[in-house]
Amino acid sequence: MTAIREITKVKPDRTVEIATPALPPGEEVEVIVLLPEKRQNNQGEPYAFLKVLEEARLEGPPDWSENLEEYLYHGRKL
């Protein structure tokens, strides 16, 4: 029988606790550990998003950052 169970706790004595469905005490199991794929970590390069914005070549009025709400919500023309 194959069943997927979520391990909720690894105890100091290297036993595991499984929430639901519970296994009977002493039940023999085979455990397969799947490691998550390595995620890209952008935290190593601060302000990396500025490079993306710069490469996007966005165009807008010079006061865009100061009056963004006016442009978005109050109909001020770009």
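Residues numbered from 1 in each chain as written. Predicted model: local features only at pLDDT ≥ 70, side-chain atom pairs only at ≥ 80, totals over all residues. Heavy atoms only, no water.

### Here we look at the overall build of the protein
Moving on, step 1. Scanning the protein from terminus to terminus reveals two helices and two strands.
Moving on, step 2. Ordered by position from the N terminus, the helices and strands of the protein form the series β-β-α-α.
Moving on, step 3. Relative to its 78 residues, the protein shows a buried fraction of 4%.
Moving on, step 4. Total accessible area on the protein stands at roughly 8,500 Å², and carbon and sulfur atoms take up 53% of it. (Helix = DSSP H or I, 4+ residues; strand = E, 2+ residues; numbered from the N terminus. Buried < 20%, exposed > 50% of the residue type's maximum accessible area, 1.4 Å probe, protein only. Areas by Shrake-Rupley, 256 points an atom, 1.4 Å probe, with all protein chains shown as cover.)

### Side note on the environment of Lys 9
Moving on, step 1. Mapping Lys 9 onto the fold places it in strand β1 (residues 7–10).
Moving on, step 2. Owing to a relative accessible area of 45%, Lys 9 belongs among the partly exposed residues under this scheme.
Moving on, step 3. In this view, Lys 9 contacts Thr 15, Val 16 and Glu 17; residues no more than four positions away in its chain are not counted. (Contact = heavy atoms within 4.5 Å.)

### Thoughts on a nonpolar patch on the surface
Moving on, step 1. A cluster of nonpolar side chains, Tyr 47, Phe 49, Leu 50, Leu 53, Leu 58, Trp 64, Leu 68, Leu 72, Tyr 73 and Leu 78, forms an exposed patch at the surface whose accessible area comes to about 1,200 Å².
Moving on, step 2. Taken together, the elements giving at least two residues each to the nonpolar patch come down to α1 (48–56) and α2 (68–73).
Moving on, step 3. Given the relative accessible area of 32%, Trp 64 is considered partly exposed. (Patch = residues over 30% accessible without salt bridge, like charges linked within 9 Å, V, L, I, M, F, W, Y side chains within 5 Å. Salt bridge = Lys/Arg side-chain N within 4 Å of Asp/Glu carboxyl O.)

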